[in-house]
Amino acid sequence: MSKKNEAYEAELEQLQIALVDSQVWAIEQGKKILVIFEGRDTAGKGGAIKRVTEHMAMRQTRVVSLPKPSDREVSQWYFQRYAAHLPAAGEIVLFDRSWYNRAGVEVVMGFSTPEEQADFIRDVPRFEEMLVEGGIQIIKFWLDISKAEQAERLAARVGDPLKKFKISSLDGEAQKRWDDYSTARDAMLPASHSRHAPWTIVATDKKKQARLNVLRHLVRQIGAPGVTVPVKKPDPKICFAFKPSALTDGRLAR
């Protein structure tokens with residue numbers, strides 16, 4: 001193992017210990033924590049979630065990755081099927097994609113109407129504010145990836161028999177509709193960034209550094225006292241709070 005990988009594994013272990021400490025405290029305090037992972041295909045949502053949850057308490061940790069809605073669910077209030085999975089006291093719930101599908105893939109692929117999309121972008125800040133008022137802490141990550149890196153990862157999936165479940169019918173659209181996805185992202189982030197539910201951007205071209213920074217930010221956001229290991233601040237070049245200037249200053253991939 002190279003020195004670089006040794007350093008990564010050592011810090012990953014320390015951060016996972018810090019997460020376990022944080023969860024012990026969150027359970028004791030009855031905290032309700034919701035972590036949302038969004039981003040383009042191959043941005044590393046699943047890999048980050050795996051490192052977050054690897055050593056956490058199974059009964060108090062849930063990963064939610066909802067399939068295509070049924071006909072009945074399509075007829076429901078949009079947020080209804082997501083609300084059923086929100087955390088109760090002492091729980092941490094991680095969404096691998098979330099209600100933000102309506103502002104991303106549904107916009108690009110036309111899976112919902114412009115009216116439905118406008119209703120969503122108007123309502124989502126109010127919906128999240130109600131969740132926070134109900135005692136839920138919301139931590140939102142946008143995992144950002146460059147077009148070239150995404151192309152490499154999509155190609156690697158095709159040739160890897162262990163990644164068959166990661167291949168979807170939408171993979172072929174990710175590169176073809178890159179600019180459309182950028183436009184949807186650039187509309188969504190400022191409209192849904194708020195004081196009570198802010199976005200944190202993570203640059204993910206370097207997978208391992210991205211994962212470490214996700215864990216660093218998560219531990220610091222949970223804010224448990226008495227964490228038994230030191231936790232570095234996130235690297236601001238990799239993990240930073242969203243600001244509208246990020247749309248034009250080169251920090252978000254084009």
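Structure: see above.
Student: Give a detailed account of the overall build of the chain, specifying residues and quantitative values.
Tutor: Scanning the chain from terminus to terminus reveals ten helices and six strands. Taking 18 Å as the expected radius of gyration for a compact globule of 254 residues, we find that the chain reaches 18 Å, a close match to that expectation. The C-alpha extent of the chain, read off along each of the three principal axes, is 50 × 45 × 40 Å. Looking at the 254 residues of the chain, the share that counts as buried comes to 48%.

Student: Run through unusual backbone geometry, naming residues and quoting values.
Tutor: The residue Thr 42 is not glycine, and still its phi comes out positive at about 70°. Here Thr 42 lies in the loop between β1 (32-39) and α2 (45-53). Its relative accessible area of 9% is what places Thr 42 among the buried residues.

Student: Pulling in residues and values, what's your account of the sheet that holds strand β5 (residues 199-203)?
Tutor: Read across the sheet, six strands follow the order β2-β3-β1-β4-β5-β6 without closing on themselves; strand pairing throughout is mixed. At either end of the open sheet lies a strand with only one pairing partner, and these are β2 (61-64) and β6 (239-241). Averaged over all pairs of adjacent strands, the angle between strand axes in this sheet comes to 20°, irrespective of strand direction. Helix α6 (residues 114-133) rests against β1 and β4 (136-144) of the sheet, and its axis sits at about 135° to β4.

Student: Could you give me a rundown of the pairing of strand β3 (residues 91-96), with the residues and numbers involved?
Tutor: For β3, the tally of buried residues reaches five of six residues, placing the bulk of the element in the interior. Alignment of β1 against β3, held across six bridges, turns out to be parallel. Bridge pairing in β3 links Leu 34 to Val 93. The pairing of β2 with β3 spans four bridges and is parallel.

Student: Could you give an account of the packing of aromatic side chains, naming the residues involved and the relevant values?
Tutor: For any two aromatic rings, the description comes down to two numbers: the centre-to-centre distance and the angle of the planes. Inspection of every chain in the model, using the stated rule, returns 15 aromatic pairs. On the basis of an interplanar angle of 75° and a centroid distance of 5.7 Å, the ring pair of Phe 95 and Trp 99 is categorised as edge-to-face. Each member of the pair, Phe 95 as well as Trp 99, is classed as buried. Members of the aromatic cluster, joined through ring pairs, are Trp 77, Tyr 78, Phe 79, Tyr 82, Phe 95, Trp 99, Tyr 100, Phe 120, Phe 127 and Trp 199. Above the ring of Trp 178, the side-chain terminus of Arg 40 is found at 3.5 Å from the ring centroid. Lying over the aromatic face of Tyr 82, Arg 81 brings its terminal NZ or CZ to 5.3 Å of the ring centre.

Reading the values: the criteria
- Residues numbered from 1 in each chain as written.
- Predicted model: local features only at pLDDT ≥ 70, side-chain atom pairs only at ≥ 80, totals over all residues.
- Heavy atoms only, no water.
- Helix = DSSP H or I, 4+ residues; strand = E, 2+ residues; numbered from the N terminus.
- Rg over C-alpha atoms; globule rule 2.2 N^0.38 Å.
- Buried < 20%, exposed > 50% of the residue type's maximum accessible area, 1.4 Å probe, protein only.
- Pairing = 2+ DSSP bridges.
- Axes fitted to C-alpha atoms, helices over the stretch in contact; angles between N-to-C directions.
- Contact = heavy atoms within 4.5 Å.
- Phe/Tyr/Trp six-rings, centres within 6.5 Å; stacked < 30°, edge-to-face > 60°.
- Lys NZ or Arg CZ within 6 Å of the ring centre and 35° of its normal.

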